[in-house]
Each structure stands twice: as C-alpha cells, then as structure tokens.
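Per-entry structural report
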Amino acid sequence: MWDVIGRATCDMRQGSDVGGTITRVPGGVALNIAMTCARFGLRPVLLSAVGADRPGDELLAQCEDLGLVTAHVHRAPDGATDRYMAVEGANGVIAAIADARTLEAAGDAILAPLRTGALATAEAPFGGLAALDGNLTDALLHEIAHGPLFARADLRIAPASPGKAARLRPFLKAGRGVLYVNCEEAGILCGQSFDTSQAAAAAVIEHGARRVVVTHGPDAATDATQDAMITATPPKITVSRLTGAGDTFMAAHIAAEAGGADRKAALSQALGAAGAYVSGEDP
C-alpha cells in the first residue's frame, strides 16, 4: 500500500494544527519488511493485492526499482490500491488509519502462485523464508497456520498493528512460526499487560508459541523459545521517525539469520538496524 505520513517536530495532541512535512512512500508491513530485506542483499518476492489503477502501477514500479519481485502480485480489477495514513509528532504517533480493503477482499487469491506451480504447489510446498503480516483476514491467516501451502516454510509473523494482534492467535494454537511483537501486542495476545519484554516473551511461549521476539521501545528486547531466552538492549538514539521501525527490526533480524548469524548476534544486529532507521540515518 501507499503510506501517507505527516510529521511534525513538536509535540502534538488531538486537534493540533501545526506545520511539518507530508510524504507518500511505499509501505505496509510486509512491504516495509521486503524493502529492508532487499537492502540487506536478499531478493524478496511479493504476494499481495494491488488495485488495477494508476497508484498501483506507480507502487509496483517503485517496488521493482527497489529490487523486489512483483510478478506474482494480484491485481484487483475493481479495487483501489490500499493506503495508510498517519500523523506523527515528536511525542510519537498521534493517529493512524489503514485502508486495506482491496487486500482483504482479495482473500486467498494472493496465494495462487503457491498452488499453481509459479512458486510452489500444495504437493511440493514452499520451503523458504516467508514473512506474513496481520493485514490478512482472520480466515486467511488461519488457513496459512494450519493448511499445506506453508507447511515447510520458515514463517516469520508480525501483526500489522496492535489492533490486529489478536489475528495471530492461530499461530499460537498451531505452534507455528516466529512471532515478532512489541509488549503491547504480546499483551493483546495473552490477555494481560507486561512491563518488560522478558515477561511478555515468557507469557507468549506459555500460550503456545514456538518462538517469539518481543521489543519494548528503548528498553531490552527478548528472543525466546521453550528452551532459551536471549535479551539485548537497543542503542541510545535521537528519535526522528517511528512508522516502520518494527518492520525494519523484523527484516534486519530475518536477514541476519538468513546470513548465518546466531540468535544473539541476530538480535543485536536487528536492534542496531532499527535504531539507525528511527534516528533517520538509513532510508
């Protein structure tokens, strides 16, 4: 989708009307992850839905320029390309709205390349890394968690926002994949609140997750499984932007492990990449 982000350098509250900047950039959780993976030398293939309209043409052209494979993206003939709009102040995200109607309406049409042989088949499932986000519908996420198409995949899963974190519960019940959440999202999954990433990670594992990576803003992040828990502290930075920080963290972590890094090194590298992004040092 397109991300339309308004940013101000001062603190804001409801009703604020201030000067700042407004940008339109390629976005959406899965695309943010893909763009960062490409920066780390990977070549992601996109599975999603984009409207058969001019904004969709422009979006896919930019994705291709960034080194992403767009040949398998579903073009919705009657849908408009999805959009996300957020307002950020120096004190954080003030408000945001995600319009993902075209993706939600497309349903499992976005997975056709995994059935038809373009990328895989149900008899020979895809066996590589697959990053999923909670913008997909509950029914489609349930199918991915329990169906054959991703049975051999290394699933890496993130909610699109705290409001959609509950959609990841099928992966808890199935014990599938690696979940990437912050403390608030972990709390939604577990039905309680947490003060530390360690407590949040332990609870998510107790609820059935095979593995979870929990971030907590400037505080320590945790990578946990049933057998081990690893923590690391983010670098101290000056915050210049927030939208996309979690996606950058997740992509950097995926890329680090794809490159052979162990769990401790991967967590540290991901925190460093997210810090560079939030501080404005990286694109």
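Position of His-146 relative to the elements: it lies in helix H4 (residues 138-146). Considered as a pair, His-146 and Lys-173 are 27 residues apart in the sequence and their alpha carbons are 9.5 Å apart. Sequence-distant contacts of His-146, that is, excluding residues within four places in its chain, are made with Pro-170 and Ala-174.

Moving on, we get to the packing of helix H6 (residues 183-190) against helix H7 (residues 197-206). For any two helices packed against each other, the geometry comes down to the angle between their axes and how far apart the axes lie. Contact geometry for H6 and H7: axes closest at 9 Å, N-to-C directions at 30°. Taken together, H6 and H7 sit at an angle that is classed as roughly parallel. The crossing of H6 and H7 is left-handed. Here H6 contributes Cys-183, Ala-186 and Cys-190 to the contact with H7, which in turn contributes Ser-197, Ala-200, Ala-203 and Val-204.

Right, let's get into the pairing of strand E9 (residues 178-182). For E9, the tally of buried residues reaches four of five residues, placing the bulk of the element in the interior. Pairing of strand E8 (residues 154-158) with E9 involves two bridges; the strand directions are parallel. Across the sheet, residue Arg-156 finds its bridge partner in E9, namely Val-178. As for the winding sense of the linkage, the β-α-β connection from E8 through helix H5 (residues 169-174) to E9 is right-handed. The pairing of E9 with strand E10 (residues 211-216) spans five bridges and is parallel. Note on E10: the bridge partner recorded for Tyr-180 is Val-213.

A few words on helix H9 (residues 263-278). Residues spaced three or four apart along an α-helix face the same direction, because each turn holds 3.6 residues. For H9, which comprises 16 residues, the first-to-last C-alpha distance of 22 Å matches the rise-based estimate of 22 Å (1.5 Å per residue) to within 8%. Of the residues making up H9, those classed as buried are Ala-266, Leu-267, Ala-270, Leu-271, Ala-273, Ala-274, Gly-275, Ala-276, Tyr-277 and Val-278. On its buried face, H9 sits against E10, strand E11 (219-225), strand E12 (229-232) and helix H8 (245-258).

We now examine the sheet that holds strand E7 (residues 129-133). Reading across the sheet, the six strands line up as E7-E8-E9-E10-E11-E12 and stay open at both edges, with mixed pairing between neighbours. Each edge of the sheet is formed by a strand with only one pairing partner; in this case those strands are E7 and E12. Sheet twist, expressed as the average angle between the axes of neighbouring strands with direction ignored, equals 15°. With four bridges joining them, E11 and E12 adopt antiparallel strand pairing. Bridge pairing in E12 links Ala-224 to Met-229.

With 14 residues, H8 extends 20 Å between its outermost C-alpha atoms, agreeing within 8% with the 20 Å of an ideal straight helix rising 1.5 Å per residue. The buried count for H8 comes to 12 of 14 residues, which makes it a mostly enclosed element. Gly-260 lies just past H8 and shows a positive phi near 100°.

Here we take up the packing of helix H1 (residues 29-39) against H8. The interhelical angle for the contact between H1 and H8, taken along N-to-C directions, is 45°, at an axis separation of 8 Å. In terms of their interaxial angle, H1 and H8 are classed as oblique. Considering the relative orientation of H1 and H8, their crossing is right-handed. Along the contact surface, H1 presents Val-29, Asn-32, Ile-33, Thr-36 and Cys-37, while H8 presents Asp-247, Thr-248, Met-250, Ala-251, Ala-252 and Ile-254. A breakdown of the residues in the contact of H1 with H8 according to their chemical character gives seven nonpolar, three polar and one charged.

This part takes up the side chain of His-253. Mapped onto the elements of the fold, His-253 is located in helix H8. Residue classification places His-253 among the buried positions, given a relative accessible area of 0%. Contact partners of His-253, with chain neighbours within four places excluded, come to Arg-156, Tyr-180, Arg-211, Val-213, Asp-223, Ala-266, Leu-267 and Ala-270.

By size, the foremost hydrophobic cluster in this structure holds 38 residues, and its most contacted members are Phe-150, Phe-171, Leu-179 and Val-212. Residue contacts for Val-212: discarding those within four places in its chain leaves Leu-179, Val-181, Ala-201, Val-204, Ile-205, Thr-222, Asp-223 and Ala-224. Judged by nonpolar contacts, the second largest core, of 20 residues, contains Ile-230, Phe-249, Ala-251 and Leu-267.

With that out of the way, let us pick up the packing of aromatic side chains. Note on aromatic pairs: each is described by the distance of the centres and the angle between the planes. Counted by the stated rule, this structure contains zero aromatic pairs. Across from the ring centre of Trp-2, 3.7 Å away, lies the NZ or CZ of Arg-24, which sits over that ring.

Attention now goes to the pattern of salt bridges. Inspection of every chain in the model, using the stated rule, returns 13 salt bridges. Here Glu-58 ties to Arg-24 by a salt bridge, and the two come within 2.9 Å at their closest N and O atoms. Of this pair, Glu-58 sits in helix H2 (residues 54-65) while Arg-24 sits in strand E2 (residues 21-26); the two residues are 34 residues apart in sequence, bridging distant segments of the chain. Taking the relative accessible area as the measure of exposure, Arg-24 reaches 44% and is therefore partly exposed. Asp-223 is the salt-bridge partner of Arg-263, the closest N and O atoms lying 3.1 Å from each other. Remark: Asp-223 occurs in strand E11 and Arg-263 occurs in helix H9; sequence separation between them is 40 residues. What makes Arg-263 partly exposed here is its relative accessible area of 21%.

Rules of the game
Residue numbering note: each chain is counted from 1, following its sequence as written. Two thresholds apply to this predicted model, a pLDDT of at least 70 for residue-level local features and 80 or more for giving and counting side-chain atom pairs, whereas whole-chain, interface and lining totals are computed over all residues. Excluding hydrogens and water, the side-chain values take into account all heavy atoms of the structure. Segments assigned H or I by DSSP are reported as helices when at least four residues long, segments assigned E as strands when at least two residues long, and all are numbered from the N terminus. Residue contacts are defined here by distance: any two heavy atoms, one from each residue, within 4.5 Å place the two residues in contact. To get an axis, fit a line to the C-alpha atoms, keeping to the stretch in contact for a helix; angles then go from 0 to 180 degrees between the N-to-C directions. We call two directions roughly parallel when the angle between them is under 35 degrees, roughly antiparallel when it is over 145, roughly perpendicular when it lies between 65 and 115, and oblique otherwise. For a crossing to be left-handed, the near helix must be turned anticlockwise from the far one by less than a right angle; the clockwise case is right-handed. Relative accessible area decides the class of each residue, using a 1.4 Å probe on protein chains only: under 20% of the type maximum gives buried, over 50% gives exposed, and in between gives partly exposed. At least two DSSP bridges between two strands are required for those strands to pair. If the strands point away from the viewer and the path from the first strand over the helix to the second runs clockwise, then the crossover is right-handed. Expected span of a helix: the number of residues minus one, times 1.5 Å. Classes in brief: Ala, Val, Leu, Ile, Met, Phe, Trp, Tyr, Cys and Pro nonpolar; Asp, Glu, Lys and Arg charged; the others, Gly included, polar. In this description, a nonpolar core means a group of buried Ala, Val, Leu, Ile, Met, Phe, Trp, Tyr and Cys residues linked to one another through side-chain atoms lying within 4.5 Å. Planes of paired rings set the category: under 30 degrees apart is stacked, over 60 is edge-to-face and the rest tilted, where pairs are Phe, Tyr or Trp rings (Trp by its six-membered ring) whose centres lie within 6.5 Å. Put simply, a charge is over a ring when the Lys NZ or the Arg CZ is close to the ring centre, within 6 Å, and near the line of the ring normal, within 35 degrees. Throughout this description, the term salt bridge denotes a Lys or Arg side-chain nitrogen within 4 Å of a carboxyl oxygen of Asp or Glu.

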